[in-house]
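# Structural features, examined
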Amino acid sequence: MAKSKHTDNNKNGNSLQKVRLDKWLWAARFYRTRSLAKQAIEGGKVHFAGSRVKTSKEISVGDELTIRQGSATAMTEKTVVVKDLSVQRGNATVAQTLYEETEESIKRREYFAEQRKLANLARPDTKPNKKQRRDLQRFKYQTD
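Residues numbered from 1 in each chain as written. Predicted model: local features only at pLDDT ≥ 70, side-chain atom pairs only at ≥ 80, totals over all residues. Heavy atoms only, no water.

The name that an unreviewed UniProt entry assigns to the protein is Heat shock protein 15, with the source organism given as Psychrobacter pasteurii. Under the Sequence similarities (unreviewed entry) heading, UniProt states for the protein: "Belongs to the HSP15 family." (UniProt positions renumbered as here; feature names shortened; annotations may be inferred.)

### Some details on a positive patch on the surface
Taken together, the side chains of Lys127, Lys130, Arg133 and Arg134 define a basic patch exposed on the protein surface. For Arg134, the position within the fold is in helix H5 (residues 130-143). (Patch = residues over 30% accessible without salt bridge, like charges linked within 9 Å, V, L, I, M, F, W, Y side chains within 5 Å. Areas by Shrake-Rupley, 256 points an atom, 1.4 Å probe, with all protein chains shown as cover. Salt bridge = Lys/Arg side-chain N within 4 Å of Asp/Glu carboxyl O. Lys, Arg positive; Asp, Glu negative; His and termini not counted. Charge placed at Lys NZ, Arg CZ, Asp CG, Glu CD. Helix = DSSP H or I, 4+ residues; strand = E, 2+ residues; numbered from the N terminus.)

### Side note on the sheet that holds strand E7 (residues 99-101)
Sheet strands associate in pairs through backbone hydrogen bonding, adopting either a parallel or an antiparallel arrangement. One open sheet holds the 5 strands; their spatial order is E3-E2-E5-E6-E7, and the pairing between them is antiparallel. Looking at strand neighbours, the two that pair on one side only are strand E3 (51-52) and E7, the edges of this open sheet. Pairing analysis gives 2 bridges linking strand E2 (residues 46-48) to E3, with the strands arranged antiparallel. When the sheet's bridge partners are listed, Phe48 is paired in E3 with Ser51. Here helix H4 (residues 103-121) sits on the sheet and contacts strand E6 (76-82) and E7; the angle it forms with E6, its principal contact strand, is near 165°. (Pairing = 2+ DSSP bridges. Contact = heavy atoms within 4.5 Å. Axes fitted to C-alpha atoms, helices over the stretch in contact; angles between N-to-C directions.)

### A short note on the side chain of Glu101
When you line up the elements, Glu101 lands in strand E7. At 2.7 Å, the side chain of Glu101 forms a polar contact with the side chain of Ser105. Excluding residues that lie within four positions of it along the chain, Glu101 makes contacts with Lys78, Thr79, Val80, Ile106 and Arg109. (Polar contact = N/O pair within 3.5 Å; in protein donor to acceptor, adjacent residues only side chain to side chain.)

### Notes on the pairing of strand E5 (residues 64-69)
In regular strands, side chains alternate between the two faces of the sheet. Of the two faces of E5, only the one carrying Leu65, Ile67 and Gln69 is buried; Glu64, Thr66 and Arg68 on the other face are not. Examined bridge by bridge, E2 and E5 share 3 bridges and lie antiparallel to one another. Each bridged residue has a counterpart across the sheet, and for Val46 the counterpart in E5 is Ile67. Taken together, the 6 bridges between E5 and E6 define a ladder with antiparallel strand orientation. Looking at E6, one finds that Thr66 is bridged to Thr79. The hairpin turn running from E5 into E6, its antiparallel successor, is 6 residues long, and Gly70 in that turn takes a positive phi close to 105°. (Buried < 20%, exposed > 50% of the residue type's maximum accessible area, 1.4 Å probe, protein only.)

### Section: the nonpolar core
Among the nonpolar cores identified, the biggest contains 23 residues, and Trp24, Leu25, Phe30 and Leu65 are the most heavily contacted of them. Of all the elements in the fold, those that place two or more residues in this core are helix H1 (21-27), helix H2 (34-42), E2, E5 and E6. Among the elements that make up this core, the one with the highest residue count is H1 (4 residues). (Core = buried A, V, L, I, M, F, W, Y, C linked by side-chain atoms within 4.5 Å.)

### What to know about the environment of Glu64
Residue placement: Glu64 occurs in strand E5. Judged by relative accessible area, Glu64 falls into the partly exposed class, the value being 43%. Placed 15 residues apart in sequence, Glu64 and Thr79 show a C-alpha to C-alpha distance of 6.9 Å. Setting aside chain neighbours within four positions, we find Glu64 in contact with His47, Phe48, Ala49, Thr79, Val80 and Val81.

### Looking at H2
The complete set of buried residues in H2 reads Ala37, Ala40 and Ile41. Mapping the buried residues of H2 onto a view down its axis gives an arc of 100°, with all of them on the same face. For H2, the secondary structure elements touched by its buried residues are H1 and E2. In the segment just after H2, Gly44 is the residue with positive phi, at about 80°. (Arc of directions from axis to C-beta.)

Okay, structure coming up:
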């Protein structure tokens, strides 16, 4: 009898009780490959119960994870609650059923996205041309 790869009740009644953290992050599509998930865990970008964890940490349904993703300028931090376990990577709609993001996390991400958007409004739409650069230089040296 083959074991089920999801905790959903199937015809055989088999279900997963615990799954390695790197496999779950990969199956939930937080990272493209398991090696990237492993690097993120080892780099301290994934926390379980407020502290760093090892790649082999086994998680179960109901656990809360904090995951940081993105570049330094657009870093996003999500707090998710594990709703289902899987070691098989499915499509995006199946992956979204494996976790639920907390309300506080959603509000925090929306706030930081709005702040980044507002910071970009202060920038000009185009670079200054040669004449405008010269005028800026003249203005800068006249005020000194």
